[in-house]
Amino acid sequence: MNSFIYDIPTKVYFGKNQLENLVSELKTYKKVLLVYGGGSIKKSGLYDRVIKFINNAGLEVFELFGVEPNPEIGTVRRGVKIAKEKGVDVILAVGGGSVIDCAKWIAGGAKVEFDAWEFYSKNAPVLSALPIISILTLSATGSEMDSCGVVTNPETKEKVGKLAQPLYPKVSFLDPTLTYTVDRYQTACGSADILSHVIETYFSKDDDLFMLDTVMEGIMKTVVKYAPIALENPCDYEARANLMWASSWAINGFILGGKVKAWSCHPLEHQLTAYYGITHGLGLAILTPRWMKYCLSDKTVDKFVSFGVNVFDIDKSLSEMEIANKAIEMLSNFLYKTLGLSDTFEKVGIGSENISAMALGASKGRFIDGFVPLYKEDIETIYKMCL
Ligand code: NZQ
Ligand code: ZN
């Protein structure tokens, strides 16, 4: 096991009625940039509550609204402009991962003189950022408790993540009741995303740490147990609460331990979003079982056996390969039948026309050094398996 530093500066308020603490958290600031999406927070009444708390805290408020799912660099630029011109000293992101990610890039962009895209195109470091407070409304990405922001540049067809210590939210409000209005589709996609974050870490080429493997199996079982309940009854507090806390812990660094972060399905999926704008969790759901099939071999089978036995309770007495194949089948059933997500590229409007370009983009011209190394040709094969 490798050595590591674990340092998460995010203060979490979890549960019902915690939002009232927003007033005390805001009081030390003067000007807030409120960042939100396409209107779900207005429909649910959350916007009015937040504005009331901001007023009670005595802050001047500026707004950036209309952050799109898979936020675009142009929206980041709009936010940076407001933040700089108005002298904003805190950002309040209210929404799902897209809103929080966009807020992170704005927070970094507001502190530099160059264009925010250079955080990626020139690999410019994020040395400081405006403080971010997040109010999470969708359990999925874990952006509420991680240091990553993912942004798309439609001109260059690139979707990229930037990780930096200053990008951790300073405070995050996790009230499961705020996810009651999330529809079936987004609940399913969010659950697939949480599951994928754990799978990307669980299937690792590093030596495993039993303690963390067991935690990961627990998080995966949590999603398998509670996502169907949330789909059946969107206002089930226990289900929404379990999914929300699973979302944060799937990606806040804890389960990574000393493992080298080497994800495979995410880089493949980011290409799908960049080219076709599909929902992140949906792309992962289509890709993950195919990626697993591609990786399964005598060398990798042990990990699939642990996954199958400990997450899907598959009979231990079967042969290793039988367990592994059954595990992939049970995951597929969960994603496509229980969650109801589409199972092929064709069903979501993706053809074979960009496979070569997407494979090149995912491999970044080299290869993905993941659970199993993936070169451009391997990635093309996995994409073709999804057609
Ligand atoms: O825009 P609004 O009107 O708010 O509607 C959103 C949006 O249409 C809606 N929604 C959110 N909360 C709702 C709600 N509708 C009803 N009730 C609520 N309470 O859901 C739709 C999708 O929202 P979005 O924020 O796009 O979803 P998600 O949280 O899945 O975020 C996806 C983005 O995060 C990135 C993805 O690539 C994608 O761009 N990721 C970020 C990561 C990170 N920061 O660490 C890691 C992930 O792997 C991922 O890449
Ligand atoms: Zn993800």
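## So, the site of ligand 1
Near ligand 1 you find 30 residues, and of these Ser40, Gly97, Ser98, Asp146 and Lys159 are the closest. One nitrogen or oxygen atom from the side chain of serine 98 is found 2.5 Å from an oxygen atom belonging to ligand 1. In the model, an oxygen atom of ligand 1 is placed 2.8 Å from a nitrogen or oxygen of the histidine 197 side chain. Expressed as a share of its isolated accessible area of 960 Å², the protein-covered part of ligand 1 is 88%. Secondary-structure elements contributing two or more residues to the shell around ligand 1 are helix 5 (97-109), strand 6 (148-153), helix 7 (184-202) and helix 10 (265-276). Partitioning the shell around ligand 1 into residue classes produces 9 nonpolar, 17 polar and 4 charged.

## Some details on the domain arrangement of the chain
It is common to give the size of an interface as the accessible area that goes away when the parts come together. Per the domain assignment, the segments making up the chain are domain 1 (11-178) and domain 2 (184-386). Between domain 1 and domain 2, the contact holds 23 residues from the first and 26 residues from the second. Summed over both sides, the interface of domain 1 with domain 2 buries roughly 2,000 Å², with 66% coming from carbon and sulfur. Summed over the shared surface of domain 1 and domain 2, the result is 0 salt bridges. Run the count over domain 1 and domain 2 and you get 5 residue pairs in polar contact (both at pLDDT 80 or more). Breaking the side of domain 1 that touches domain 2 down by element, the ones donating at least two residues are strand 1 (11-14) and strand 7 (158-163). Considering every element that reaches the side of domain 1 that touches domain 2, the biggest residue donor is strand 7, with 3 residues. Per-class residue counts for the side of domain 1 that touches domain 2 are 10 nonpolar, 6 polar and 7 charged.

## A few points about the pattern of salt bridges
Taken as a whole and judged by the stated rule, the model has 11 salt bridges. Close ionic contact of lysine 205 with aspartate 369 constitutes a salt bridge, the shortest N to O distance being 3.5 Å. Separated by 164 residues along the polypeptide, lysine 205 in the loop between helix 7 and helix 8 (210-232) and aspartate 369 in strand 9 (residues 368-369) bring together distant segments of the chain. Assessed through its relative accessible area of 45%, lysine 205 is described here as partly exposed. The shortest N-O distance in the salt bridge between aspartate 343 and lysine 347 comes to 2.7 Å. Overall, lysine 347 belongs to the exposed group, its relative accessible area being 57%. The structure contains a network of salt bridges with shared partners spanning Asp213, Lys259 and Lys303.

## Focus on the coordination of the zinc ion (ligand 2)
Bound to the zinc ion (ligand 2) on the protein side are Asp193 (OD), His197 (NE2), His266 (NE2) and His280 (NE2), at distances that span 2.0 to 2.2 Å. Along the chain, the residues donating to the zinc ion (ligand 2) are arranged with the sequence spacing D-x3-H-x68-H-x13-H. Here histidine 197 and aspartate 193 lie together in helix 7, a separation of 4 residues that amounts to about one turn.

Calculation notes
Residues numbered from 1 in each chain as written. Chains lettered and ligands numbered in written order. Predicted model: local features only at pLDDT ≥ 70, side-chain atom pairs only at ≥ 80, totals over all residues. Heavy atoms only, no water. Near = heavy atom within 4 Å. Polar contact = N/O pair within 3.5 Å; in protein donor to acceptor, adjacent residues only side chain to side chain. Areas by Shrake-Rupley, 256 points an atom, 1.4 Å probe, with all protein chains shown as cover. Helix = DSSP H or I, 4+ residues; strand = E, 2+ residues; numbered from the N terminus. Nonpolar A, V, L, I, M, F, W, Y, C, P; charged D, E, K, R; others polar. Domains from an automatic or database assignment. Contact = heavy atoms within 4.5 Å. Buried area = accessible area lost by both parts, 1.4 Å probe. Salt bridge = Lys/Arg side-chain N within 4 Å of Asp/Glu carboxyl O. Buried < 20%, exposed > 50% of the residue type's maximum accessible area, 1.4 Å probe, protein only. Donors = N, O, S within 2.8 Å, 3.2 Å for Na, K, Ca; no water.

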